[in-house]
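# Structural overview for review
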Amino acid sequence: MSYSDPKDVYTTEDLMRLVKSDGTIHTSVTIRGEYLREISGVEKISGSLGSVDSKLESFGSLKEVGGDVWFSIHTVEPLIKELGQLKTVGGDLRLNDLNIRSLGGLRRVGGNL
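Because the structure is a prediction, the values reported are computed rather than measured.

Helices and strands together make up the secondary structure of the chain, namely one helix and nine strands. Walking the chain from its N terminus toward its C terminus, one meets helices and strands in the order β-α-β-β-β-β-β-β-β-β. The globule rule puts the C-alpha radius of gyration for 113 residues at 13 Å, and the 13 Å found for the chain is close to it. With the C-alpha coordinates of the chain rotated into their principal frame, the extents come out at 35 × 30 × 25 Å.

Here we take up unusual backbone geometry. With a phi close to 45°, Asp-53 is a non-glycine residue in the positive phi region. At Asp-97, a position not held by glycine, the phi torsion is positive, near 65°. Mapped onto the fold, Asp-97 is located in the loop between strand S8 (88-89) and strand S9 (108-109). Asp-97 sits in the exposed class, given a relative accessible area of 68%.

What follows concerns the environment of Leu-56. Examined against the element boundaries, Leu-56 turns out to sit in the loop between strand S5 (49-54) and strand S6 (64-65). Residue class for Leu-56 comes out buried when judged on its relative accessible area of 1%. Counting along the chain gives 17 residues from Leu-56 to Ile-39, while the straight-line C-alpha distance between them is 8.1 Å. Ignoring anything within four residues of it in the chain, the contact list for Leu-56 reads Ile-31, Leu-36, Arg-37, Glu-38, Ile-39, Phe-71, Pro-78, Leu-79 and Ile-80.

What counts and what doesn't
Residues numbered from 1 in each chain as written. Predicted model: local features only at pLDDT ≥ 70, side-chain atom pairs only at ≥ 80, totals over all residues. Heavy atoms only, no water. Helix = DSSP H or I, 4+ residues; strand = E, 2+ residues; numbered from the N terminus. Rg over C-alpha atoms; globule rule 2.2 N^0.38 Å. Buried < 20%, exposed > 50% of the residue type's maximum accessible area, 1.4 Å probe, protein only. Contact = heavy atoms within 4.5 Å.

Okay, structure coming up:
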């Protein structure tokens, strides 16, 4: 995978503009703000998935992230409590300061947990 700047995503519309017909996003994504609550319509993110001050509640149908998954909390805390259908994280999975109750279907983390 080649490096590219992450795409900032604030709304479902922003997210859907990045999704290809096979349910894949071929770049890194950073979710920001309070409007996107669920990652719906996406099965794979080839790059990393970050969340900065978002109110994300669900990974929806997301099953694979090729890079890291991380959360940065400054003023807004994500509402996510479980990883749902997420099975594979190719890089690090950083859940610091989150109240995760269930790892759901997680089977593999390629880096640190």
